[in-house]
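Here is how the chains run, residue by residue.
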Amino acid sequence: MMDGNLPNIKKWIVLYPIYINSKKTIAEGRRISTTKACENPTCVEIGDCCSHLKLPFAIEIDKAYPRDFMQIGRVRVLLKREDGTLYNPAIPTRKQLMLHIAELVPRHPGRTKKQEPASTSGAGPSKSGKGGRKKR
């Protein structure tokens, strides 16, 4: 990737999979709307999406999300070069990055195979009995 500048990873933006996980609430750490988020994205999928978007990235598997430390792993992404120019002009901000990646993850090669049947049935029935307020 970039030889001399790699230790500078600390300046890269951090992307936890939880930010774009449609299964999570805002309180749990989701950062974009559920309509745009995707289901349980993994660091690998996010990394693949970054490379698809021509962005340098690094997967840190020894890191966990502070609010939910069971969520291991995060992805560091570099949006701008040292001189401030964008690697991908379509992605100037962290928010744009999250939206782009969330859009790409469901089409990830590792995903398209298993998730075909689910998408045709519609979102309704798959949620049977889960969530919602319990009546007291």
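Residues numbered from 1 in each chain as written. Predicted model: local features only at pLDDT ≥ 70, side-chain atom pairs only at ≥ 80, totals over all residues. Heavy atoms only, no water.

For the protein chain, an unreviewed UniProt entry supplies the name Signal recognition particle 19 kDa protein and the organism Jatropha curcas. Here is the UniProt Function (unreviewed entry) comment for the protein chain, exactly as written: "Component of the signal recognition particle (SRP) complex, a ribonucleoprotein complex that mediates the cotranslational targeting of secretory and membrane proteins to the endoplasmic reticulum (ER). Binds directly to 7SL RNA. Mediates binding of SRP54 to the SRP complex." Under the heading Sequence similarities (unreviewed entry), UniProt records this for the protein chain: "Belongs to the SRP19 family." (UniProt positions renumbered as here; feature names shortened; annotations may be inferred.)

Draft legend 1. Spotlight on helix 2 (residues 94–104). Residues Leu-97, Met-98, Leu-99, Ile-101, Ala-102 and Leu-104 constitute the buried set of helix 2. Looking at the buried positions of helix 2, the neighbouring elements they touch are strand 1 (13–15), helix 1 (43–52) and strand 3 (68–77). (Buried < 20%, exposed > 50% of the residue type's maximum accessible area, 1.4 Å probe, protein only. Helix = DSSP H or I, 4+ residues; strand = E, 2+ residues; numbered from the N terminus. Contact = heavy atoms within 4.5 Å.)

Draft legend 2. Representation of the pairing of strand 3. Inspection of the sheet shows strand 1 paired to strand 3 by three bridges, in the antiparallel sense. Counterpart to Val-14 in the pairing with strand 3 is Arg-76. As defined by bridge partners, strand 2 (residues 57–65) adjoins strand 3 across six bridges and the pair is classed as antiparallel. Residue pairing across strands places Glu-60 opposite Arg-74, the latter belonging to strand 3. From the end of strand 2 to the start of strand 3, which pair antiparallel, there are two residues. (Pairing = 2+ DSSP bridges.)

Draft legend 3. Inspection of the sheet that holds strand 3 at higher detail. Spatial ordering of the open sheet is given by 1-3-2, a layout of three strands whose pairing is antiparallel. Every interior strand has two partners, whereas the edge strands, strand 1 and strand 2, have only one. Mean inter-strand twist for the sheet, computed between neighbouring axes without regard to direction, equals 30°. Together, strand 1 and strand 3 form the strand contacts of helix 2, whose direction differs from that of strand 1 by roughly 30°. (Axes fitted to C-alpha atoms, helices over the stretch in contact; angles between N-to-C directions.)

Draft legend 4. Region of interest: helix 1. Among all positions of helix 1, only Cys-43, Glu-45, Ile-46, Gly-47, Cys-49 and Cys-50 are buried. Residue Lys-54 follows helix 1 closely and has a positive phi angle near 65°.

Draft legend 5. Expanded view of the packing of aromatic side chains. This model, assessed by the stated rule, comprises three aromatic pairs. Summarising the aromatic geometry, the rings of Tyr-16 and Tyr-65 are spaced 4.8 Å apart at their centres and angled 65° between planes, so their arrangement reads as edge-to-face. Here the residue Tyr-16 occupies a position in the loop between strand 1 and helix 1, and Tyr-65 occupies one in strand 2, the gap between them amounting to 49 residues. With respect to class, Tyr-16 is no different from Tyr-65; both count as buried. Note on Tyr-19 and Tyr-65: the rings are 6.1 Å apart at their centroids and 85° apart in plane angle, and the pair reads as edge-to-face. Within this pair, whereas Tyr-19 is found in the loop between strand 1 and helix 1, its partner Tyr-65 is found in strand 2, the two being separated by 46 residues in sequence. Exposure class is identical for Tyr-19 and Tyr-65. Each is buried. Three or more aromatic residues joined by ring pairs make a cluster, and in this case those are Tyr-16, Tyr-19 and Tyr-65. (Phe/Tyr/Trp six-rings, centres within 6.5 Å; stacked < 30°, edge-to-face > 60°.)

Draft legend 6. Local environment of the pattern of salt bridges. Here the structure, examined in full by the defined rule, presents five salt bridges. The partner of Asp-68 in a salt bridge is Lys-24, with the nearest N and O atoms 3.9 Å apart. Here the residue Asp-68 occupies a position in strand 3, and Lys-24 occupies one in the loop between strand 1 and helix 1, the gap between them amounting to 44 residues. Taking the shortest distance from any N to any O, the salt bridge between Glu-60 and Arg-74 comes out at 2.6 Å. One end of the pair, Glu-60, is in strand 2; the other, Arg-74, is in strand 3, with 14 residues separating them in the sequence. Judged by its relative accessible area of 13%, Glu-60 is buried. Ionic contacts of the salt-bridge type, sharing partners, join the residues Glu-60, Arg-74 and Arg-76 into one network. (Salt bridge = Lys/Arg side-chain N within 4 Å of Asp/Glu carboxyl O.)

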